[in-house]
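What follows is the residue order along each chain.
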Amino acid sequence: MRTRAEHAANPHGGIPRTVGEEDLAGFTAGQFLDVLKALTAILTLPPSAADRVDALVVATGQGEQWRLSHAIRTWEANPGLRHLLVTNGNPAEETYVELTLDHLRGLGLRRCEGVRLQAGPAPHTGRQAAWIAEQAQGLGIASLALAVSPYHLPRAYLTVLKALDRRNLRLPVIPVPVAVSPDTPVPETGATAYDLVPGEVKRILTYMDEDQVATLGELQQYLRWLWSRHESLLVGIPG
């Protein structure tokens, strides 16, 4: 049986969850600056705008029930939200829990109308993002908020933008960092956000090259459109 450290290093193959400095040696300073620019630009979007969107989306995974709890509290407190979209996770994870309405009710869900659960397994963020884009198109969603743990938020956001672009959809996407201390161990691996960020950076840079996430240029173009066309949504100016 693998130790927790080994599981954190490479839980299901592919890029490990936790990486060291030597694992990032192949990237340039310019590439790291692109990630920093992307993160800073994403954080220019105010989470308060999530109170004014059509749909709240929560990306699950890694046994982080706080993602669901945070989204459910937001959903229950804001009757103006028309849809709650809950992505499925990876059944290969040791902490995977079957996604059902009963499970969500146990976390405080009371308002079930408008709740949609991803039925099939989602072993990676790309599969989750593709489902989110499919739902946005099928339901005619005009704007959405994406709730996920802060360490994973930049990559999840860029992956959703890429999935929407593949369907020729352009709509406001508001990032919502879930309220959790960066020192909190993630149940799946025992790693903290500080441990996991380097792996997220490696994934972003690798997946940019593989056209799986939005590049810095694509993000810049999208945010230019978003701020020019939807400033009222972002800052709460009455229409």
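Structure's up top.
Being a predicted model, the structure only gives us computed values, none of them experimental.

Cut-off values and rules
- Residues numbered from 1 in each chain as written.
- Predicted model: local features only at pLDDT ≥ 70, side-chain atom pairs only at ≥ 80, totals over all residues.
- Heavy atoms only, no water.
- Phe/Tyr/Trp six-rings, centres within 6.5 Å; stacked < 30°, edge-to-face > 60°.
- Buried < 20%, exposed > 50% of the residue type's maximum accessible area, 1.4 Å probe, protein only.
- Lys NZ or Arg CZ within 6 Å of the ring centre and 35° of its normal.
- 1 Å grid on protein atoms, 1.4 Å probe; cavity = no way out; pocket = protein on both sides within 12 Å on 5 of 7 lines; lining within 4 Å.
- Points joined across faces, edges and corners; volume = space filled by probe spheres on them.
- Nonpolar A, V, L, I, M, F, W, Y, C, P; charged D, E, K, R; others polar.
- Helix = DSSP H or I, 4+ residues; strand = E, 2+ residues; numbered from the N terminus.
- Salt bridge = Lys/Arg side-chain N within 4 Å of Asp/Glu carboxyl O.

Caption draft 1: Structural context of the packing of aromatic side chains. With the rule as written, the count across this model stands at two aromatic pairs. Residues F27 and F32 carry aromatic rings whose centres are separated by 6.2 Å and whose planes lie at 70 degrees to one another, so their mutual orientation is edge-to-face. Given the relative accessible area of 18%, F27 is considered buried. A cation over a ring is seen here: R111 above W75, with NZ or CZ 3.5 Å from the ring centre.

Caption draft 2: Spotlight on empty space enclosed by the protein. Throughout the structure, instances matching the rule amount to two cavities of 30 Å³ or more. What lines the largest cavity is a set of 16 residues, and nearest its centre among them are T60, G61, Q65, L68 and V97. A class-by-class count of the residues in the lining of the largest cavity yields four nonpolar, ten polar and two charged. Of the voids in this model, the second largest cavity is the one considered here, and its volume is about 40 Å³. Among the secondary structure elements, those contributing two or more residues to the lining of the second largest cavity are α5 (125–139) and α6 (153–166). Classifying every residue of the lining of the second largest cavity by side-chain character gives six nonpolar, two polar and no charged.

Caption draft 3: How the structure looks around the pattern of salt bridges. This model, assessed by the stated rule, comprises six salt bridges. Across the pair R105 and D102 runs a salt bridge whose closest N-O atoms are separated by 2.8 Å. Of this pair, R105 and D102 both sit in helix α4 (residues 101–106), three residues apart, which is roughly one turn of that helix. Residue classification places D102 among the exposed residues on the basis of a relative accessible area of 59%. D211 is paired through a salt bridge with K162; the nearest N and O atoms lie 2.7 Å apart. Here D211, found in the loop between α7 (193–209) and α8 (216–229), pairs with K162, found in helix α6; they are 49 residues apart in sequence, far enough to count as distant. For K162, a relative accessible area of 5% corresponds to the buried category.

Caption draft 4: The arrangement of unusual backbone geometry in detail. Within the chain, Q62 stands out as a residue other than glycine whose phi angle is a positive 60 degrees. Its relative accessible area of 4% is what places Q62 among the buried residues. We note that D211 has phi near 60 degrees; this positive angle belongs to a residue other than glycine.

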